[in-house]
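In case you want the letters, here they are:
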Amino acid sequence: MKTFLMPVHRALPAYVPGTHEESGNVIRLNTNESPYPPSPEVLGAIASESSKLNFYNDPDCTVLIEALSAHLGVGTANILAGNGSDQILQLAFLAFADGDNPVTLPDVTYSYYDLFAALYGIPLRRIKLEPDFSMNPAAWQSAEGMLVFPNPNAPTGLALQRSEIEGMLQAHPDQVVLVDEAYVDFGAETAVPLIRQYPNLLVVRTFSKSGSLAGIRLGYAVGSESLIADLAKVRNAVDLYGVNRLAQAAGTAACRHWTYYEENCRRIVDARRETTEGLRALGFTVTDSLGNFVFVRPARISASDLQKRLMDRGILVRHFKTERTNDWLRITIGTMDEMKKLLDACREILNGQEECP
Ligand code: PMP
């Protein structure tokens, strides 16, 4: 069939998201969502905002940005909201890198970065993580162009301390350092306070994980006024009205009533500890994850077999078929009850393995 797609885009790789399955009897531990619904205040804010959908949304997200400013303790000019943090990340690639200015990533990380680079013709450099998947800041000494990494990293769950990130900012004063904090609320240290001293730091965050709002698409960037103004300039040229009314209302209400989400994060951290201990007791290798997921190498069964067997029992988990991650699974932390079902299923599957070698 004839294609009208420009040649430059024909080789674009596809991002493969986790299987989308909403039937009630499936346990979704494959897309790092929150198992908890939005708070009553957020649901109320969405309901009352919906009667105004005939009017355009505020492109500057004024009320949301004020709520975020109070929530984070930074100025309103230090924040830009976007249609999911994926949009903010994409804008950062567009604004701060190009064919002559590369992006440097960890070799094991969030795979959507590769697509943004491919879309804009940005060369990628990759720095190898240590054999245990930890990130060694010293290995980033030679990093070129914009430095990009999640903290905690995905899918490994391992995090750098704020002091280590500060060292990287000092070592690269003339390069943008983008810290993707999608999972920071589950135990890692945020780099946000560093934006005051380091004008090259861009922190990217989302309401999709700890904020229970994956389906509304809301993320934001925090950085120096100059970085945020540059990012806004690009955003305004691409998607001025990107953050819809419902997302703005939901994010504002979530910031104003954050204790509900703190409590959910605590429950997820507790369930993560139980899951880690339970899987280690089965002989699995489990990284010390600070995300709302664990990264595990199963014992006595391959990762892909275990994924299939769990799927047969209605439990979805994620397998990334790359050289370094092929033996591993990423398992989202759900409710304690869901994690007990996961542990029981793993135990039964391993017992079955013994009976039929
Ligand atoms: N960064 C990382 C590391 C992620 O895992 C994800 C979620 N898949 C995102 C960013 C994007 O999140 P969202 O677009 O839902 O804000």
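Residues numbered from 1 in each chain as written. Predicted model: local features only at pLDDT ≥ 70, side-chain atom pairs only at ≥ 80, totals over all residues. Heavy atoms only, no water.

Here we look at the site of the ligand
Looking at the ligand, the residues that line it are Gly-84, Ser-85, Asp-86, Leu-89, Tyr-110, Asp-180, Ala-182, Tyr-183, Thr-206, Ser-208, Lys-209 and Arg-217. In this structure, an oxygen atom belonging to the ligand sits 2.6 Å away from a side-chain N or O atom of Thr-206. Alone, the ligand offers 410 Å² of accessible surface; in the complex the protein occludes 91% of this. Among the elements that take part in the shell around the ligand, helix H3 (residues 85–96) stands out by supplying three residues, more than any other. Considered class by class, the residues forming the shell around the ligand number four nonpolar, four polar and four charged. (Near = heavy atom within 4 Å. Polar contact = N/O pair within 3.5 Å; in protein donor to acceptor, adjacent residues only side chain to side chain. Areas by Shrake-Rupley, 256 points an atom, 1.4 Å probe, with all protein chains shown as cover. Helix = DSSP H or I, 4+ residues; strand = E, 2+ residues; numbered from the N terminus. Nonpolar A, V, L, I, M, F, W, Y, C, P; charged D, E, K, R; others polar.)

What about unusual backbone geometry?
Each neighbour pair has its own omega, and for Asn-151 with Pro-152 the value is 0°, a cis peptide bond. Residue placement: Pro-152 occurs in the loop between strand S5 (146–150) and helix H5 (162–171). The phi dihedral of Asn-32 falls on the positive side, at around 55°, and the residue is not glycine. Structurally, Asn-32 is set in the loop between strand S1 (27–28) and helix H1 (40–49). Exposure remark for Asn-32: the relative accessible area of 0% places this residue in the buried category. Not every positive phi belongs to a glycine, and Arg-300 is a case in point at roughly 65°. Note on placement: Arg-300 falls in the loop between strand S10 (293–297) and helix H9 (303–312). (Buried < 20%, exposed > 50% of the residue type's maximum accessible area, 1.4 Å probe, protein only.)

Examining a nonpolar patch on the surface
Residues Tyr-56, Leu-240 and Tyr-241 make up a contiguous nonpolar surface patch of roughly 340 Å² in combined accessible area. Take Tyr-56: it is sitting in the loop between H1 and helix H2 (62–72). The class of Tyr-56 is exposed, set by a relative accessible area of 65%. (Patch = residues over 30% accessible without salt bridge, like charges linked within 9 Å, V, L, I, M, F, W, Y side chains within 5 Å. Salt bridge = Lys/Arg side-chain N within 4 Å of Asp/Glu carboxyl O.)

Quick word on the domain arrangement of the protein
Considered domain by domain, the protein is made up of domain 1 (7–36 + 259–351) and domain 2 (40–256). With centres defined by C-alpha atoms, the gap from domain 1 to domain 2 works out at 24 Å. The interface is formed by 28 residues belonging to domain 1 together with 34 residues belonging to domain 2. In total, about 2,500 Å² of surface goes out of reach between domain 1 and domain 2, with carbon and sulfur atoms giving 67% of it. When the buried surface of domain 1 facing domain 2 is broken down by residue, Tyr-15, Tyr-261 and Arg-324 rank first, second and third, together holding 31% of it. A salt bridge links Asp-107 to Arg-324, with the nearest nitrogen and oxygen atoms 2.9 Å apart. Run the count over domain 1 and domain 2 and you get nine residue pairs in polar contact (both at pLDDT 80 or more). Elements with a contribution of two residues or more to the side of domain 1 that touches domain 2: helix H8 (259–281) and S10. If you tally residues by element for the side of domain 1 that touches domain 2, the top one is H8, at five residues. Looking at side-chain class alone, the side of domain 1 that touches domain 2 contains 14 nonpolar, nine polar and five charged residues. (Domains from an automatic or database assignment. Contact = heavy atoms within 4.5 Å. Buried area = accessible area lost by both parts, 1.4 Å probe.)

Points about the sheet that holds S10
Taken together, the three strands give an open sheet; going across it, the order is S9-S10-S12, and neighbouring strands pair in antiparallel fashion. The outermost strands of the open sheet, each flanked by one partner alone, are strand S9 (285–286) and strand S12 (329–332). As defined by bridge partners, S9 adjoins S10 across two bridges and the pair is classed as antiparallel. By the bridge assignment for S10, Val-286 is matched with Val-296. Strands in contact with H8 are S9, S10 and S12; relative to S10, the strand with the most contacts, it is inclined by about 10°. (Pairing = 2+ DSSP bridges. Axes fitted to C-alpha atoms, helices over the stretch in contact; angles between N-to-C directions.)

A look at the pairing of strand S8 (residues 219–223)
Within S8, five of the five residues are buried, which leaves it mostly tucked inside the rest of the structure. Burial along S8 is two-sided: Gly-219, Ala-221 and Gly-223 and Tyr-220 and Val-222, pointing in opposite directions, are all buried. Sheet topology places strand S2 (residues 79–82) next to S8; four bridges connect them, and they run antiparallel. Across the sheet, the residue bridging to Ile-79 is Val-222, located in S8. In this sheet, S8 lies alongside strand S7 (residues 201–206) in antiparallel orientation, the contact comprising five bridges. Bridge pairing links Arg-205 to Tyr-220 in S8.

A few points about the pattern of salt bridges
In the structure shown here, the tally under the stated rule is 15 salt bridges. The partner of Arg-273 in a salt bridge is Asp-270, and the shortest N-O contact between them spans 3.0 Å. Here Arg-273 and its partner Asp-270 are both found in helix H8, three residues apart, which amounts to about one turn of the helix. Its salt-bridge partner being Arg-347, residue Asp-344 comes within 2.9 Å of it at the nearest N-O pair.

Some remarks on the side chain of Thr-156
Counting through the fold element by element, Thr-156 comes out in the loop between S5 and H5. Judged by its relative accessible area of 0%, Thr-156 falls in the buried class. At a separation of 3.3 Å, a polar atom in the side chain of Thr-156 contacts the main-chain amide nitrogen of Leu-158. Ignoring any residue separated from it by four or fewer positions in sequence, one finds Thr-156 in contact with Val-108, Leu-129, Phe-133, Thr-287, Ser-289, Phe-293 and Phe-295.

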